[in-house]
Amino acid sequence: MADKEQLIADIMGAQRKLQDVIAEDRADPLFSSHLTLSQLRILMLLARHGSVSGSELAGMVGIGAAALTGMIDRLVVQDLVARAEDPHDRRVRRIALTRAGKQLIASIFNAGEEKMRTLLSRLSAEELEIVAQATALILKASGEA
């Protein structure tokens, strides 16, 4: 049996090849969105945290409120985010994803799922059991199990 380091290297190499195969599908919604990296970061933060105030979002992104305003304005024009008055403090404007923003982020997050499903469907039930066991072991090692 190969030594542990060689097995790890082999698995990592196979993982990179698999990521390349799946990345073909992942690139489409991401690149067709025409978002800047900063805009994408804002959308992902909003997807994770929900509705946040402008100052909270500026802090998360690590930029000033003035710089954030311009970025949010462009995302509002694209109907990806919306501003709304905070129900508890009318001075505060909350920023959240619109339906279109949620759909875009979902398509980016879920890109490649169909390709992976197709690849997995080519395996026998016995092979799928091995993949399921290996995946469970990796999750257990990560502390996510």
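Residues numbered from 1 in each chain as written. Predicted model: local features only at pLDDT ≥ 70, side-chain atom pairs only at ≥ 80, totals over all residues. Heavy atoms only, no water.

If you check an unreviewed UniProt entry, the protein chain appears there as MarR family transcriptional regulator from Paractinoplanes pyxinae.

J.: Outline the environment of S55, supporting the account with residue identities and numerical values.
T.: Topologically, S55 is positioned in helix 3 (residues 54-61). Considered as a pair, S55 and L104 are 49 residues apart in the sequence and their alpha carbons are 24 Å apart. (Helix = DSSP H or I, 4+ residues; strand = E, 2+ residues; numbered from the N terminus.)

J.: Got a sec to walk through the nonpolar core? Specific residues and values, please.
T.: If you look at the biggest cluster of nonpolar residues, it comprises 21 residues, and the most contacted ones within it are I42, L43, L46, L57, I72, L75 and V81. The set of elements that each furnish at least two residues to this core consists of helix 2 (37-49), helix 3, helix 4 (65-77), strand 3 (89-97) and helix 5 (99-110). Per-element tally for this core: the top contributor is helix 2, with five residues. Apart from residues lying up to four places away in sequence, L75 is in contact with L35, Q39, I42, L43, L80 and V81. (Core = buried A, V, L, I, M, F, W, Y, C linked by side-chain atoms within 4.5 Å. Buried < 20%, exposed > 50% of the residue type's maximum accessible area, 1.4 Å probe, protein only. Contact = heavy atoms within 4.5 Å.)

J.: Before we move on, could you go through the pairing of strand 2 (residues 81-86) and cite the residues and values that matter?
T.: Pairing of strand 2 with strand 3 involves six bridges; the strand directions are antiparallel. Across the sheet, V81 pairs through a bridge with L97, a residue of strand 3. The turn joining strand 2 and strand 3, which pair antiparallel and follow one another in sequence, is formed by two residues. (Pairing = 2+ DSSP bridges.)

J.: Outline the pairing of strand 3, listing residues and values.
T.: The two faces of the sheet receive side chains in turn, since in a regular strand these alternate between them. Of the strand pairs in this sheet, strand 1 (residues 52-53) and strand 3 are connected by two bridges, and their pairing is antiparallel. Counted as the bridge partner of V52 is I95 from strand 3.

J.: Describe helix 5, and please don't skip the residues or the numbers.
T.: Taking 1.5 Å per residue, 12 residues should reach 16 Å; helix 5 reaches 16 Å between its end C-alpha atoms and fits that length. G112, located one to two residues past helix 5, shows a positive phi value of around 95 degrees. (Expected span 1.5 Å × (residues − 1).)

J.: Before we move on, can you summarise the layout of surface pockets with the specific residues and values?
T.: Taken as a whole, the largest pocket spans an internal volume of roughly 820 Å³. Along its surface, the largest pocket is lined by 21 residues, and I11, Q15, L18, T135 and I138 are the ones closest to its centre. Of all the elements in the fold, those that place two or more residues in the lining of the largest pocket are helix 1 (4-32), helix 6 (113-121) and helix 7 (125-142). Broken down by element, the residue count for the lining of the largest pocket peaks at nine residues, all from helix 1. Here the residues of the lining of the largest pocket are counted per class, giving 17 nonpolar, three polar and one charged. (1 Å grid on protein atoms, 1.4 Å probe; cavity = no way out; pocket = protein on both sides within 12 Å on 5 of 7 lines; lining within 4 Å. Points joined across faces, edges and corners; volume = space filled by probe spheres on them. Nonpolar A, V, L, I, M, F, W, Y, C, P; charged D, E, K, R; others polar.)

J.: I'd love a proper account of a nonpolar patch on the surface, names of residues and values included.
T.: A cluster of nonpolar side chains, namely L123, L128 and V131, defines an oily patch on the protein surface of about 190 Å² accessible area. We classify L123 as partly exposed; its relative accessible area is 31%. (Patch = residues over 30% accessible without salt bridge, like charges linked within 9 Å, V, L, I, M, F, W, Y side chains within 5 Å. Areas by Shrake-Rupley, 256 points an atom, 1.4 Å probe, with all protein chains shown as cover. Salt bridge = Lys/Arg side-chain N within 4 Å of Asp/Glu carboxyl O.)

J.: A description of the packing of helix 2 against helix 4 should follow, citing residues and the corresponding values.
T.: One can describe the packing of helix 2 onto helix 4 by two numbers: an axis separation of 11 Å at closest approach and a directional angle of 80 degrees. Classed by the angle they form, the pair helix 2 and helix 4 counts as roughly perpendicular. Across the interface between the two elements, S38, Q39, I42 and L43 from helix 2 touch L68, M71, I72, R74 and L75 from helix 4. For the contact of helix 2 with helix 4, the per-class residue count stands at six nonpolar, two polar and one charged. (Axes fitted to C-alpha atoms, helices over the stretch in contact; angles between N-to-C directions. Parallel < 35°, antiparallel > 145°, perpendicular 65-115°, else oblique.)

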